[in-house]
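# Results of the structural survey
Here is how the chains run, residue by residue.
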Amino acid sequence: MIGRRGFLRGSGLLSISWRAHAAEPERLVIAGASLVEIAFALGAGDRVIAVDDTATHPPEVSDLPSVGYFRELAPEGIIALRPSAVIVAADAEPGRTLELLEAAGIPVYRAPDAETPEEVPAKITFVASVLGLEAEGRALAADYRERLAAVRAAAAGTSGSPGPRALFVLTQRGSMALVGGRGTVPDEMLRAAGLVNAAAEIEGYKQVGPESIIGLAPDGVLMMTEHAARIGGVERLLSGPGFRQTLAGRQVRSVTMDGSMLMRLGPRTPEAIKTLARALGTAD
């Protein structure tokens, strides 16, 4: 069985401490957008031979083969690439595929999850350790913490009163919108940007209708770029029932962001927070 914190349990125990006694992996398959970004930020992009469908940054990854969606990984395609190691996100699936890779003699490393911006350095340190780039990892983690502290300070210092109310909409079907409440990554991002999550009274994700949207009273709306495109654009959402009765709809105030930048917390998270603060908040 494969553990959730970077350990492989099966015929033996393989952990990050194993890195000190093994050659640095030169042919990497990485399934997880933020993990791909970390590898490139560490200067190891030339070692990456394939990524999963969620990886869109940096632009160079568009030239790499894809192993599919990170929650639907198949072993055959990965084995055929002859990787020296596979790094996967904490929620990569199915477990059976990862077990088969291990059985084929391919080291598999499952990264720790990051549910808040403050937990990203743990992922950076993890990837750096797998790659034998500990010094580079410490430098990148320190730079990340500095950038995060700066954007948090800027967001907190814009006003002594609560910020504008923002609503994250995952998708829309008919007149129903799937919104993100407390305990979600968008909630963390909105609050880090000095905004008030208009759906803070909702736990997790929930479908809401026009009347509920009016009651949530968002001043602005946040969507993933790819999901907004599927419904014809965020402007179409804002002109629909419920939204057009809100300040967000009347002022057509919204921001869209690439899903890998918004939802998969990683090196660009401080920049994502700054973008939210500028687009929907009161930051300069």
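These notes cover the structure that comes with them. Being a predicted model, the structure only gives us computed values, none of them experimental.

If you tally the helices and strands in the protein chain, you get 12 helices and 12 strands. Counting only residues that meet the buried cut, the protein chain has 53% of its 284 residues in that class. Partitioning the contacts of the protein chain with sequence separation of at least 6, the portion at a separation of at least 24 is 60%. In the form shown here, the protein chain has an accessible surface area of approximately 12,700 Å², with 52% of it arising from carbon and sulfur atoms.

On the secondary structure map, Thr184 appears in the loop between strand 8 (176-180) and helix 6 (185-192). Overall, Thr184 belongs to the buried group, its relative accessible area being 5%. Here Gly181 takes part through its backbone oxygen, which lies 2.8 Å from a polar atom of the side chain of Thr184. Those residues in contact with Thr184 that sit more than four places away from it in its chain are Gly204 and Tyr205.

With that settled, consider the sheet that holds strand 4 (residues 48-51). Reading across the sheet, the 4 strands line up as 4-3-5-6 and stay open at both edges, with parallel pairing between neighbours. With partners counted over all chains shown, the strands left at the sheet margins are strand 4 and strand 6 (108-110), one partner each. Each strand axis lies, on average, 20° off the axis of its neighbour in the sheet, ignoring direction. With 3 bridges connecting them, strand 3 (residues 28-31) and strand 4 associate as parallel partners. Opposite Ile30, over in strand 4, you have Val51 as the bridge partner. Running over the sheet, helix 3 (residues 95-103) touches strand 5 (85-88) and strand 6 and is turned about 145° from strand 6.

For the rest of this paragraph, the subject is the nonpolar core. Of all hydrophobic cores here, the largest spans 69 residues; its most connected members are Ile87, Leu131 and Leu276. Counting residues per element, this core draws most heavily on helix 4 (residues 120-131), which supplies 7 residues. Counting 19 residues, the second-largest nonpolar core is a separate cluster that includes Leu167, Ile231, Val234 and Ala248.

Within the structure shown, the criterion is met by 10 salt bridges. We note a salt bridge from Asp91 to Arg71, for which the minimum N-O separation is 2.6 Å. You can see Asp91 sitting in the loop between strand 5 and helix 3 and its partner Arg71 sitting in the loop between strand 4 and helix 2 (75-80), a full 20 residues away along the chain. On the basis of relative accessibility, which here comes to 41%, the residue Arg71 falls in the partly exposed class. Take Asp91: its relative accessible area is 18%, and that puts it in the buried class. Each member of the salt-bridge network shares a partner with another, and the members are Arg71, Asp91 and Arg264.

Right, let's get into helix 1 (residues 33-41). Burial within helix 1 is extensive, with 8 of its 9 residues counted as buried. The secondary structure elements touched by the buried residues of helix 1 are strand 3, strand 4, strand 5, helix 4, helix 5 (134-156) and helix 11 (259-262).

The volume enclosed by the largest pocket comes to roughly 850 Å³. Contributing to the lining of the largest pocket are 34 residues, with Phe70, Arg71, Asp91, Met263 and Arg264 lying nearest its centre. Listing elements by their share of the lining of the largest pocket, those giving two or more residues are helix 1, helix 6, helix 8 (225-230) and helix 11. The dominant element in the lining of the largest pocket, judged by the number of residues it contributes, is helix 6, at 4 residues. Grouping the amino acids of the lining of the largest pocket by side-chain chemistry returns 13 nonpolar, 8 polar and 13 charged.

Parameters at a glance
Residues numbered from 1 in each chain as written. Predicted model: local features only at pLDDT ≥ 70, side-chain atom pairs only at ≥ 80, totals over all residues. Heavy atoms only, no water. Helix = DSSP H or I, 4+ residues; strand = E, 2+ residues; numbered from the N terminus. Buried < 20%, exposed > 50% of the residue type's maximum accessible area, 1.4 Å probe, protein only. Contact = heavy atoms within 4.5 Å. Areas by Shrake-Rupley, 256 points an atom, 1.4 Å probe, with all protein chains shown as cover. Polar contact = N/O pair within 3.5 Å; in protein donor to acceptor, adjacent residues only side chain to side chain. Pairing = 2+ DSSP bridges. Axes fitted to C-alpha atoms, helices over the stretch in contact; angles between N-to-C directions. Core = buried A, V, L, I, M, F, W, Y, C linked by side-chain atoms within 4.5 Å. Salt bridge = Lys/Arg side-chain N within 4 Å of Asp/Glu carboxyl O. 1 Å grid on protein atoms, 1.4 Å probe; cavity = no way out; pocket = protein on both sides within 12 Å on 5 of 7 lines; lining within 4 Å. Points joined across faces, edges and corners; volume = space filled by probe spheres on them. Nonpolar A, V, L, I, M, F, W, Y, C, P; charged D, E, K, R; others polar.

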